[in-house]
Amino acid sequence: MAAPDLLAQLRSVVGDDYVIAHPEDLLVYEYDGSVDRSMPRAVVLPASTDEASQVIALAYQAGVPVVGRGSGTGLSGGAITPPDGLQVAFPRMARILKIDTLNRTALVEPGVINLDLDNYARKFGLRYAPDPSSQRACSLGGNVAENAGGPHCLAYGTTTNHVIGMEVILEDGAIVNLGALARETVGYDLRGAFVGSEGTFGIATKILVRLLPLPESVRTFLGIFADIDSACTAVSAIIGHGIIPAALEMIDALSIRAVQNVTDAGYPNDAGAVLLIELEGLHEEVDELSAEVEAALWDTGAADVRIAEADAERERLWVGRKTAFGAFGAIAPNYYLVDGVVPRTRLTHMLRKVSEVSHRYGITIANVFHAGDGNLHPCMLFDAREPGVMDNAMAAAAELMAECAALGGTLSGEHGIGLEKKEFMPLVYTDDDMAAMQKVRNAFAPDNRLNPGKIFPDGSYYHPAPHPARHTAGLYA
Amino acid sequence: MSPTVPRTPSARLSDLIGPDGTVHPAELTRYDIGPFTPLAAVRPADRQELTAVLRWAAQTSTAVYPSGGRTQIDLGNPPAKPGIALDLTRLDRLVDFQPADLTISAEAGMTIARLHDILAQDGKYVPISAPLPSRATIGGTLAAGASGPLRAAYGLPRDWLIGITVADANGVLTNAGGKVVKNVTGYDLNRIYTGSLGSLAVTVETTFKLAPASQELAAVVARFPNAPTAIHAAQTLQNQHYAPLGLHLLNHCAAAAIPTLPPIDAPEFTAIALIGGRASSVRRRLHDTAALWQPDALSVALLQNDPASDLIAALTDLPAHPTATLVVRVNAPPSEITNFFNFTEPHLPPPALAADVAFGGARLLWWDDFTAADPRIVAAALQNIQQSAIAAGGSAVIERCPHPVKPCLDVWGPPPSGIAVMRRLKAQFDPAGILNPGRFVGGL
């Protein structure tokens, strides 16, 4: 229990205004971008590492679990706080502390918004590569917790490939540095283990990330196909040809129409699927690869191929991709997103399965996803006010995750396991495998006080039926 | 199976794995770790034999010193207790190669050279790199956390390992990661095992994501009059769109250790830009790099194809130079690594220096005879290097040193900030302390 005296102690650390405990004020903190919900006892907004450390130490001493929160855009229930738990959020720790152009790094606080960092870095001819679709809203602290991905992770890797070092707070309030200023360190790679640990190992209060130089040339292709099967064949042809584009995204017919309904991204309304492909590099490389990509698209039956090089044209194509999940709101008020991954050559098979499940369960499913990585995002669209519809969607999602596992794939490529997928972990890992993972958690957090009840199956959920008057799903994927 | 302690370890071990897997006592010294000779050595043929050996070791509380090609066996502190050598080179099977999915799975005892050969037949590449690749194994390379001269562009081995099977301290096989290139399902144990020097578990099988192989390799080799001009040339190149895959600066001693490089005299420096990719881009990079460096360089040479590959191989092998007596790996950010170019330490002769200035790192090498030197004085000098590296935001590892020096220091340097977590991690995975005991950071 978070006793009143704990709240008083917390107020003395961060100030009265920065401990949120009134139920109405807490409403926005009871959910994230997923379908789960639970009301925290209080939310604390520290202004410094020292304050955050004191807050977490006080909670530890009081036996209260702590959950870190970034911007609440997560898609696996990672920021959902157990009843009576404390949430720590970082809107007051949102500064870019340093850009080092010689070493090409940025030192940031956890509340910095992903796109703000990227935009700032571009002033120095650099960029921050991981670009989740929620990048206008999501924070670096949350990106670290979830090992966030994004379209351009195909070529540049997910968040873990870009984090060099961190200052983190452990469950008892201890402040520890992981990694270093150097990219190579001594000892166990605690930095690597921490990224993607979904807030169960600690809470990052400073993050040192790599910045990459901007490319000399960028070219974006829109490959237009009559059906999704031939678009899948094109994906295999491009990868099989030895080309790893900067991004290789697929958008299906339903999503195309949803997007075009909201904004003209230049996708043809009657297409069965489009591929959004981006090439980056030297002019010579981009020219050479462009010819090969274009040939691969025509060879695999593209109805048309459009090429954009000017920034405005390219941005228009990308706006469609990045706003797709918001555009689904015109089809149905709620969505539930699956994040499975399959070996790239099994995409066709998997998408047929998605279609079959959609028909059998009577659920509309849209597909907008990272085809180059084999990372699907089947997005179930429904109205949660209809009785039984949530259970139906969950059952369909379970079938899709089982199929991903059966094809040699996995449950999540970039959203995390959190609450949503934890009961499915046995599809890909044995008890012994999960026991090995828990040994690492026991090393970081021996008392399991940070974000407990996530990742590993234990039969517990915090989500009651979705609130009928409100959209329960997030805006991003 | 009764947990009795056998009279001699090898007698009982041969029962478990058959005589083919047991090393004759006369050959045991092949498994020496410095002055330490193991009680016995075994070479399991498959994972059943491997896990039987580990169960036996757990039951008898016998320490196990895993090894692959033994090319980096010097790395680490001295063994903490008597134990057996576990030779993994017979676990060397190709398990699964899916060129269209860009993934490969192979057992840990496969050599790096064979892995690269298999991939090259399909035009694929994985940037896993270690000195002496025809002997170095995948498992050993990952355990040592070794990386090569192209790491600035490709990243470290941990960035390419997507799945792993290990045998734990009780001989139980567990998996982590998988066979897909993007995966956040559970904790990333791939990264915990990589660079752990076999102190948490024994690697059995690995899965990597792959890259397309470069169509062509090339290099620009330039001679600069001194360190400042070479550093300026390197930093200027780094800021170009045509920046190379790897960028290295060598002083005259280091250049002399690579036979294919033209000799230079102090205070000159050799700058090497390693280039790869599509043929069209390689031409542009070669031309533009040479043009950029020409005005300040004393000479500029272009290498293409085999000579470039040979140079990459020589840079890869340099840290394992057969006659070097002392080798130090310095990790520091690019802006700081250049401070080590003027390295002077009163109790050490001037070293050979090979710096990876794009990634941030350097090797210091000596060929001097230290047998007459006081090991405590040599150790103190090395600890000064470690302190300098820490002050620069990095670390320094003594990869090779004379045997009498080793007990006088921690080759990994002072324990890093997360050492308490690291100690708990070791206790979780290996509570009895039988996996490569004493050899890792802080004596773990």
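Predicted model only: the values in this text are computed from it and were never measured.

### Topic: the overall build of chain A
Link 1 in the chain: Across its full length, chain A holds 14 helices and 18 strands.
Link 2 in the chain: Projected onto its principal axes, the C-alpha coordinates of chain A cover approximately 70 × 60 × 45 Å.
Link 3 in the chain: Long-range pairs, those at least 24 residues apart, make up 73% of the contacts in chain A with a sequence separation of at least 6.

### Regarding the sheet that holds strand β15 (residues 326-331) of chain B
Residue and element names in this part refer to chain B.
Link 1 in the chain: Taking strand neighbours across the sheet as the criterion, the eight strands line up as β14-β11-β13-β12-β16-β17-β15-β18 in an open arrangement whose pairing is antiparallel. Pairing within the sheet leaves two strands with one partner each, and these edge strands are β14 (299-304) and β18 (395-400). Sheet twist, expressed as the mean angle between neighbouring strand axes with direction ignored, is 15 degrees.
Link 2 in the chain: As defined by bridge partners, strand β12 (residues 246-251) adjoins strand β16 (residues 352-356) across three bridges and the pair is classed as antiparallel. Paired with L250 across the bridge in β16 is A354.
Link 3 in the chain: Strands in contact with helix α9 (residues 279-293) are β11 (216-224), β13 (269-277) and β14; relative to β11, the strand with the most contacts, it is inclined by about 5 degrees.
Link 4 in the chain: Of the strands in this sheet, β11, β12, β13 and β14 are in contact with helix α10 (residues 306-317), which crosses β11 at around 70 degrees.

### Concerning the environment of B:N384
All names here are of chain B.
Link 1 in the chain: Looking at where N384 falls in the secondary structure, it is placed in helix α12 (residues 375-391).
Link 2 in the chain: C-beta crowding within 10 Å serves as the criterion here: with 15 such atoms nearby, N384 is assigned to the partly exposed category.
Link 3 in the chain: When the C-alpha positions of N384 and V202 are compared, they lie 34 Å apart, and in sequence the two are 182 residues distant.

### Quick look at the packing of helix α8 (residues 228-240) of chain A against helix α12 (residues 347-361) of chain A
All names here are of chain A.
Link 1 in the chain: Between α8 and α12, the shortest axis-to-axis distance is 9 Å and the interhelical angle comes to 155 degrees. In terms of orientation, α8 and α12 fall into the roughly antiparallel class. Handedness of the crossing formed by α8 with α12: right-handed. Together, I228, D229, C232 and V235 of α8 and L347, T348 and L351 of α12 make up the contact between the two elements.

### Some details on the domain arrangement of chain A
Residue and element names in this part refer to chain A.
Link 1 in the chain: Domain annotation of chain A identifies domain 1 (4-89), domain 2 (96-213), domain 3 (217-329) and domain 4 (332-440).
Link 2 in the chain: Inter-centroid distance (C-alpha atoms) of domain 2 to domain 4 is 27 Å.
Link 3 in the chain: Contacts between the two partners involve eight residues from domain 2, matched on the other side by 10 residues from domain 4.
Link 4 in the chain: The residue makeup of the side of domain 2 that touches domain 4, split by class, is four nonpolar, two polar and two charged.

### Regarding the interface of chain A and chain B
Link 1 in the chain: Between chain A and chain B, the contact holds 69 residues from the first and 64 residues from the second.
Link 2 in the chain: When residues of the side of chain A that touches chain B are traced back to their parent elements, those giving at least two are β9 (175-179), α7 (190-194), α8, α10 (283-299) and α14 (431-444) of chain A.
Link 3 in the chain: Classifying every residue of the side of chain A that touches chain B gives 28 nonpolar, 27 polar and 14 charged.

### Topic: the confidence of the model for chain B
Close reading of the predicted structure is inappropriate where its pLDDT is low.
Residue and element names in this part refer to chain B.
Link 1 in the chain: Confidence along chain B averages 95 in pLDDT terms, with 98% of residues attaining 70 or more.
Link 2 in the chain: Between residues 1-7, whose pLDDT stays under 50, and residues either more than four places distant or in other chains, the model counts five contacts.
Link 3 in the chain: Both confidence scores are given for the complex: pTM 0.96, ipTM 0.96.

### Thoughts on the pairing of strand β7 (residues 161-167) of chain B
Residues and elements named next belong to chain B.
Link 1 in the chain: In terms of residue burial, β7 counts as a mostly covered element, since seven of its seven residues are buried.
Link 2 in the chain: In this sheet, strand β9 (residues 202-209) lies alongside β7 in antiparallel orientation, the contact comprising six bridges. Across the sheet, the residue bridging to I164 is T206, located in β9.
Link 3 in the chain: Between β7 and strand β8 (residues 173-177), which pair antiparallel in sequence order, lie five residues; one of them, G171, sits at a positive phi of approximately 80 degrees.

### Structural notes on the packing of α12(A) against helix α13 (residues 389-406) of chain A
Residue and element names in this part refer to chain A.
Link 1 in the chain: Remark: α12 packs on α13, axes separated minimally by 10 Å, with the N-to-C direction vectors making an angle of 160 degrees. By the angle class used here, α12 and α13 are roughly antiparallel. The crossing of α12 and α13 is right-handed. Within the contact between the two elements, α12 uses M350, K353, V354, V357 and Y361 and α13 uses N392, A395, A396, E399, L400, E403 and C404.
Link 2 in the chain: Here the residues of the contact of α12 with α13 are counted per class, giving eight nonpolar, one polar and three charged.

### A closer look at the domain arrangement of chain B
Residue and element names in this part refer to chain B.
Link 1 in the chain: Taken domain by domain, chain B holds domain 1 (94-212), domain 2 (216-314) and domain 3 (321-408).
Link 2 in the chain: Here domain 2 and domain 3 have C-alpha centroids that lie 24 Å from each other.
Link 3 in the chain: In this assembly, 13 residues from domain 2 lie in contact with 12 residues from domain 3.
Link 4 in the chain: Among the elements of the structure, α7 (227-238), β12 and α8 (252-256) are those that each provide at least two residues to the side of domain 2 that touches domain 3.
Link 5 in the chain: Here the element with the most residues in the side of domain 2 that touches domain 3 is β12; it accounts for six residues.

### Details of the sheet that holds strand β4 (residues 86-89) of chain A
All names here are of chain A.
Link 1 in the chain: The strand order β1-β2-β4-β3 describes an open sheet built from four strands, whose pairing is mixed. Each having just a single partner strand, β1 (19-20) and β3 (66-69) make up the two edges of the open sheet.
Link 2 in the chain: Where β1 and strand β2 (residues 42-44) come together, two bridges link them in antiparallel fashion. By the bridge assignment for β2, V19 is matched with V44.
Link 3 in the chain: The strands touched by helix α3 (residues 49-62) within the sheet are β2, β3 and β4, with β4 carrying the most contacts at an inclination of about 170 degrees.

### Re α12(A)
Because the α-helix completes a turn every 3.6 residues, residues three or four places apart line up on one side.
Residue and element names in this part refer to chain A.
Link 1 in the chain: Here α12 is 15 residues long and its end C-alpha atoms lie 21 Å apart, about the 21 Å a rise of 1.5 Å per residue gives.
Link 2 in the chain: Every buried residue belonging to α12 is among L347, M350, L351, K353, V354, V357 and S358, and all of these are buried. All buried residues of α12 project into a common sector of 150 degrees when viewed along the axis, lining one side. For α12, the exposed residues lying more than 90 degrees away from the buried face are E356, H359 and R360.

### Thoughts on the pairing of strand β6 (residues 105-108) of chain A
Residue and element names in this part refer to chain A.
Link 1 in the chain: Looking at chain direction, strand β5 (residues 96-100) and β6 are connected through four bridges and run antiparallel. Its bridge partner lying in β6, I96 is registered against V108.
Link 2 in the chain: Connecting β5 to the antiparallel partner β6 that follows it, the hairpin turn spans four residues, and R104 within it adopts a positive phi of roughly 55 degrees.
Link 3 in the chain: Inspection of the sheet shows β6 paired to strand β10 (residues 203-210) by four bridges, in the antiparallel sense. Following the sheet pairing, V108 is matched in β10 by I207.

### What to know about the nonpolar core
Link 1 in the chain: In this structure, A:V274, A:M380, B:A219 and B:A271 are the most contacted members of the largest nonpolar core, which totals 302 residues.
Link 2 in the chain: Those residues in contact with B:A219 that lie beyond four places of it in its chain are B:I272, B:A273, B:L274, B:I275, B:L303, B:A308 and B:L311.

### Details of α3(A)
Link 1 in the chain: Compared with the 20 Å implied by 1.5 Å per residue over 14 residues, the 20 Å span of α3(A) between its first and last C-alpha is a close match.
Link 2 in the chain: Just downstream of α3(A), A:G63 is the residue with a positive phi angle, here 75 degrees.

### Some words on unusual backbone geometry
Link 1 in the chain: Looking along the chain, the bond that leaves B:A266 and enters B:P267 is cis, with omega of 0 degrees.
Link 2 in the chain: When you line up the elements, B:P267 lands in the loop between α8 and β13.
Link 3 in the chain: Positive phi, normally seen in glycine, also occurs at A:E198, with a value near 55 degrees.
Link 4 in the chain: For A:E198, the position within the fold is in the loop between α7 and β10.
Link 5 in the chain: Phi at B:L197 takes a positive value of approximately 55 degrees, unusual for a residue other than glycine.
Link 6 in the chain: Among the secondary structure elements, B:L197 is positioned in the loop between α6 (189-193) and β9.

Thresholds, definitions, all that
Residues numbered from 1 in each chain as written. Chains lettered and ligands numbered in written order. Predicted model: local features only at pLDDT ≥ 70, side-chain atom pairs only at ≥ 80, totals over all residues. Helix = DSSP H or I, 4+ residues; strand = E, 2+ residues; numbered from the N terminus. Contact = placed C-beta atoms within 7 Å. Pairing = 2+ DSSP bridges. Axes fitted to C-alpha atoms, helices over the stretch in contact; angles between N-to-C directions. Buried ≥ 20, exposed ≤ 12 C-beta atoms within 10 Å, placed from the backbone. Parallel < 35°, antiparallel > 145°, perpendicular 65-115°, else oblique. Left-handed = near helix turned anticlockwise from the far one by under 90°. Domains from an automatic or database assignment. Nonpolar A, V, L, I, M, F, W, Y, C, P; charged D, E, K, R; others polar. pLDDT = per-residue confidence, 0-100. Expected span 1.5 Å × (residues − 1). Arc of directions from axis to C-beta. Core = buried A, V, L, I, M, F, W, Y, C linked by C-beta atoms within 7 Å.

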